[in-house]
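A closer look at the structure
Chain by chain, the residues run as shown.
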Amino acid sequence: MPRKYIRKTETRYKIEDLRRAVEEVKNKRLTLGKAAAQFSIPKTTLFKQLKETVVKTPKKGRYAVFNYEQEQQLEKYIIECCKSFYGITPSSLRRIAFRFAEANKLKHNFNKSTQLAGKDWYYGFMARHPSISLRMPEATSLNRITAFNATEVNLFFDQLKMIQTKHNIPSHRIFNVDETGISTVQKNYKVLAPKGLKQIGKATSGERGVTTTVVCAVSASGIYVPPMFIFKRKRMNELLVKMVATVSDSGWINESIFIDYLRHFISFVKPTKEDPVLLILDNHESHISLGAYELFREHGLHVVSLPPHVSHKMQPLDLTIFSSLKMAYNKECELYMVNNPGKRISQYEVGELFTKAFNKTANISKAISGFRAAGIYPIDPDRFKDSFECSLYDQTDISQTQTSGISEATTAQNLAGPVDTAKLNQTPPMQISQDTTITSIPENDKDLTTQDSEEKQKRQSTRNYKKEKSPTKKTEKKKVQKKVSVKDKEIKILKKVVGGNENDEEYFCIICNDKYESPPTEDWIMCSICELWAHEQCTTGETNKGFVCDLCHGIKL
């Protein structure tokens with residue numbers, strides 16, 4: 001049967017003729033056969049309509065496998081599974097429909113060898129139920145599923161209400177601060193290509209890019225704080241000073257960098273104790289330190305931390321801003337690669353490209369809708385009430401559920417009778433953590449200092465245990481070998497270049513001005529233009545034409 005069948009014939013009778021024929025037979029003026037012949041109506045159709053109280057237009061085509069109530073059960077089950085984070089795929093739905101029909105002993109024309117309902121039935125089912133659509137789900141970990149519960153969320157909103165009733169902070173003084181990562185390698189989009197070509201390539205800066213962290217802040221009224229960049233470098237470069245930026249070994253935020261960002265945030269927002277500011281943060285470990293707490297208390301900053309693993313639901317920046325911002329950044333990177341063929345995107349171009357994308361996407365409406373979607377401003381704790389009711393798990397064995405999943409055979413048997421939500425939702429039970437609490441500003445310095453000291457003692461004890469356990473001589477040899485080892489051909493050790501007479505001439509790093517010592521403890525690399533030397537860790541790496549130092553950056557070879 002074709003996907004879009006067009007009927008070629010029409011019925012030989014109208015609904016008025018059918019009603020007149022039924023009336024004639026019921027009044028015993030005509031027999032069933034004579035009425036069918038006189039009004040050109042099939043005898044079986046007329047016989048069925050005599051049993052009905054109201055004469056309706058008969059359905060065309062073959063009989064449906066499931067009736068209206070059974071299909072409503074299927075629709076309800078699909079929606080409940082989706083809200084329980086265990087959605088049903090089209091192939092699973094076709095298999096469930098086959099077993100549902102077999103369990104109820106319904107007459108069907110499904111494929112018995114594959115035990116699947118046909119694609120025509122699937123497309124017809126989707127057309128009959130417009131409330132269901134095929135969507136691409138986002139990967140959601142079990143930690144996020146179990147952490148997003150009514151207890152944690154209500155505790156957050158209780159603290160938020162308490163601060164609002166005490167200080168009555170307006171919308172332009174409520175800010176959300178969060179970090180996101182951007183890469184020097186863009187994500188490619190679809191391109192036009194000739195038909196039949198199996199492999200289609202597009203130029204990128206590298207196989208794996210360097211991640212740069214960007215710290216952003218936005219208010220509930222649409223005020224954006226200039227972002228701060230955290231580059232993965234050892235030392236800061238003059239070419240990166242044009243923007244608000246800093247460096248770290250990993251490219252991620254830490255306690256000291258967060259304190260630097262707080263100073264930048266305070267200089268822009270200018271909070272005071274008379275005009276306080278409310279900060280909405282996630283519970284990252286870099287946000288909790290004694291230095292940050294002192295800045296909070298000194299400048300009138302009130303902090304409320306989101307519950308763990310709920311940023312995908314309650315972080316305004318994640319809800320409405322970061323996704324469109326990263327898409328715009330990818331487009332800017334793609335446009336840069338097209339306009340500059342053969343040139344890579346380095347850390348020096350990241351700030352400019354991100355600024356263009358930020359200026360295009362940062363608007364007031366996105367900020368307002370983000371805070372409204374999170375229920376933070378205006379405060380709406382009942383916003384997630386439906387989500388809690390749909391995602392609450394049965395208190396059963398979680399290990400058994402994870403291994404078994406959703407059984408399609410039992411699903412078909414359950415659908416045969418009245419729908420039981422407890423049986424249909426075979427999903428892991430929700431584990432509400434009693435230890436996790438929302439972190440806010442502590443009342444005394446002692447509480448924070450004692451917590452920090454306990455954490456430091458635990459870290460120190462684990463380090464000492466590892467040192468005692470591992471032998472010292474072997475590790476020292478391995479360390480020396482790592483420092484002397486050279487990976488690429490372009491990286492040369494100065495001792496080999498000088499020919500063993502390293503005392504004849506002295507060499508200094510052009511970045512940090514450290515003197516070369518023999519034997520070398522770090523790898524050195526030579527600029528292909530000026531032929532001067534530098535530490536490999538002081539540089540950004542090689543280009544397609546060899547290594548180019550920061551002083552010669554921008555010079556065309």
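These numbers were taken from a predicted model, which means no experiment stands behind them.

Moving on, we come to the overall build of the chain. Helix and strand counts for the chain come out as 22 helices and ten strands. Expressed as a percentage of contacts within the chain between residues at least 6 apart in sequence, the contacts between residues at least 24 apart total 68%. Surface summary for the chain: the accessible area is close to 34,800 Å², and the carbon and sulfur share equals 51%.

Once that is clear, we can look at the UniProt feature "domain: HTH psq-type" (unreviewed entry) in the chain. Sequence positions flagged by UniProt for "domain: HTH psq-type" (unreviewed entry) are, in local numbering, residues 16-52. For the annotated span residues 16-52, helix accounts for 73% and strand for 0% of the residues, and the straight-line distance between the end C-alpha atoms is 16 Å.

Moving on, we get to the packing of aromatic side chains. For the structure shown, the criterion picks out 14 aromatic pairs. Note on Phe110 and Trp121: the rings are 6.1 Å apart at their centroids and 75° apart in plane angle, and the pair reads as edge-to-face. Of this pair, Phe110 sits in the loop between helix 5 (90-103) and helix 6 (119-128) while Trp121 sits in helix 6, and the two are eleven residues apart along the sequence. The burial state of Phe110 is the same as that of Trp121; both residues are buried. Geometrically, the ring pair formed by Tyr261 and Phe265 is tilted, given 6.5 Å between the ring centres and 35° between the ring planes. Here Tyr261 and its partner Phe265 are both found in helix 9 (residues 255-269), four residues apart, which amounts to about one turn of the helix.

A word on the nonpolar core. Judged by nonpolar contacts, the single largest core of 46 residues is most densely connected at Phe156, Leu278, Ile280, Met314, Tyr329 and Phe354. Counting residues per element, the ones that place at least two in this core are helix 8 (150-167), strand 1 (174-183), strand 2 (211-219), strand 3 (224-232), strand 5 (277-281), helix 13 (322-339), helix 14 (347-361) and helix 15 (364-374). Ranked by residue count, the leading element in this core is helix 13, at seven residues. Filtering out sequence-adjacent residues up to four positions away, Ile280 remains in contact with Phe156, Leu160, Ile174, Phe175, Asn176, Val177, Val304, Leu306, Gln315 and Ile376. Ranked by size, the runner-up nonpolar core spans 24 residues in total, among them Val225, Ile230, Ile266 and Leu279.

This paragraph deals with helix 13. If you check helix 13, its first and last C-alpha atoms are 26 Å apart, about what 18 residues at 1.5 Å a residue would give, namely 26 Å. Those residues of helix 13 not exposed but buried are Phe322, Ser324, Leu325, Ala328, Tyr329, Asn330, Glu332, Cys333, Glu334, Tyr336 and Met337. Buried residues belonging to helix 13 abut strand 1, strand 2, helix 12 (316-320), helix 14 and helix 15.

The next thing to look at is the side chain of Glu71. When you line up the elements, Glu71 lands in helix 4 (residues 68-83). Relative accessible area serves as the criterion here: at 8%, Glu71 is assigned to the buried category. Reaching out from Glu71, the side chain makes a polar contact with the side chain of His129 at a distance of 2.9 Å. Residues within four places of Glu71 in sequence aside, it is in contact with Phe66, Trp121, Phe125, Arg128 and His129.

About the thresholds
Residues numbered from 1 in each chain as written. Predicted model: local features only at pLDDT ≥ 70, side-chain atom pairs only at ≥ 80, totals over all residues. Heavy atoms only, no water. Helix = DSSP H or I, 4+ residues; strand = E, 2+ residues; numbered from the N terminus. Contact = heavy atoms within 4.5 Å. Areas by Shrake-Rupley, 256 points an atom, 1.4 Å probe, with all protein chains shown as cover. UniProt positions renumbered as here; feature names shortened; annotations may be inferred. Phe/Tyr/Trp six-rings, centres within 6.5 Å; stacked < 30°, edge-to-face > 60°. Buried < 20%, exposed > 50% of the residue type's maximum accessible area, 1.4 Å probe, protein only. Core = buried A, V, L, I, M, F, W, Y, C linked by side-chain atoms within 4.5 Å. Expected span 1.5 Å × (residues − 1). Polar contact = N/O pair within 3.5 Å; in protein donor to acceptor, adjacent residues only side chain to side chain.

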